[in-house]
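Geometric and topological summary
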Amino acid sequence: MKITRALVLAVALAITGIATPGCHKSLDGNYRDDASIFFVEFKPDGKALLKLAGDTREANYTLDGNKVTITSANGTIVLTINGDGSLSGDPTLGTLKKRS
């Protein structure tokens with residue numbers, strides 16, 4: 001599957017995020033898209049590891065209700081925590097589902 005420029009841009013925005021602790025249940029765990037191209041490992045301390053095409057970067061995230069916000073100098077990505085625990089909101093990433 002070809003990695004689109006929009007997907008790379010979305011991940012680049014997330015890679016350099018700045019965060020403060022949020023007030024939602026923990027996102028502790030691993031999430032990935034259906035094609036297994038993009039992976040994110042959320043840690044309970046507000047840190048995340050983002051993986052795309054063999055590249056891994058550290059990032060930070062905030063939680064506010066059912067919203068996960070990732071902010072960088074290039075912009076902001078806001079994802080929604082769905083009722084089933086999956087994450088959605090950025091069309092370039094699709095739906096990210098928790099994996100064991």
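Keep in mind the model is a prediction, meaning the values are calculated, not measured.

**A closer look at the overall build of the protein chain**
- For the protein chain, the helix and strand inventory stands at one helix and nine strands.
- Ordered by position from the N terminus, the helices and strands of the protein chain form the series α-β-β-β-β-β-β-β-β-β.
- The burial tally for the protein chain puts 38% of its 100 residues in the buried class.
- Intrachain contacts of the protein chain at a sequence separation of at least 6 include 47% that bridge at least 24 residues.
- Accessible surface for the protein chain amounts to roughly 5700 Å². Of this, 52% is attributable to carbon and sulfur atoms.

**Notes on the pattern of salt bridges**
- In total, this model carries one salt bridge according to the counting rule given.
- One salt bridge connects D34 with K97, and the closest N-O pair in it is separated by 3.5 Å. Within this pair, whereas D34 is found in the loop between β1 (29-32) and β2 (38-42), its partner K97 is found in strand β9 (residues 97-99), the two being separated by 63 residues in sequence.
- A residue is classified by how much of its surface remains accessible, and D34, at 55% relative accessible area, is exposed.
- On the basis of relative accessibility, which here comes to 34%, the residue K97 falls in the partly exposed class.

**A closer look at the sheet that holds strand β3 (residues 47-52)**
- Here we have five strands laid out as an open sheet, ordered β4-β3-β2-β1-β9, and antiparallel in their pairing. Edge positions in the open sheet fall to β4 (55-60) and β9, since each of these has one partner strand only. Within the sheet, the average angular offset between the axes of one strand and its neighbour, ignoring direction, is 30°.
- Inspection of the sheet shows β1 paired to β9 by three bridges, in the antiparallel sense. Paired with Y31 across the strands is K98, a residue of β9.

How each quantity is defined
- Residues numbered from 1 in each chain as written.
- Predicted model: local features only at pLDDT ≥ 70, side-chain atom pairs only at ≥ 80, totals over all residues.
- Heavy atoms only, no water.
- Helix = DSSP H or I, 4+ residues; strand = E, 2+ residues; numbered from the N terminus.
- Buried < 20%, exposed > 50% of the residue type's maximum accessible area, 1.4 Å probe, protein only.
- Contact = heavy atoms within 4.5 Å.
- Areas by Shrake-Rupley, 256 points an atom, 1.4 Å probe, with all protein chains shown as cover.
- Salt bridge = Lys/Arg side-chain N within 4 Å of Asp/Glu carboxyl O.
- Pairing = 2+ DSSP bridges.
- Axes fitted to C-alpha atoms, helices over the stretch in contact; angles between N-to-C directions.

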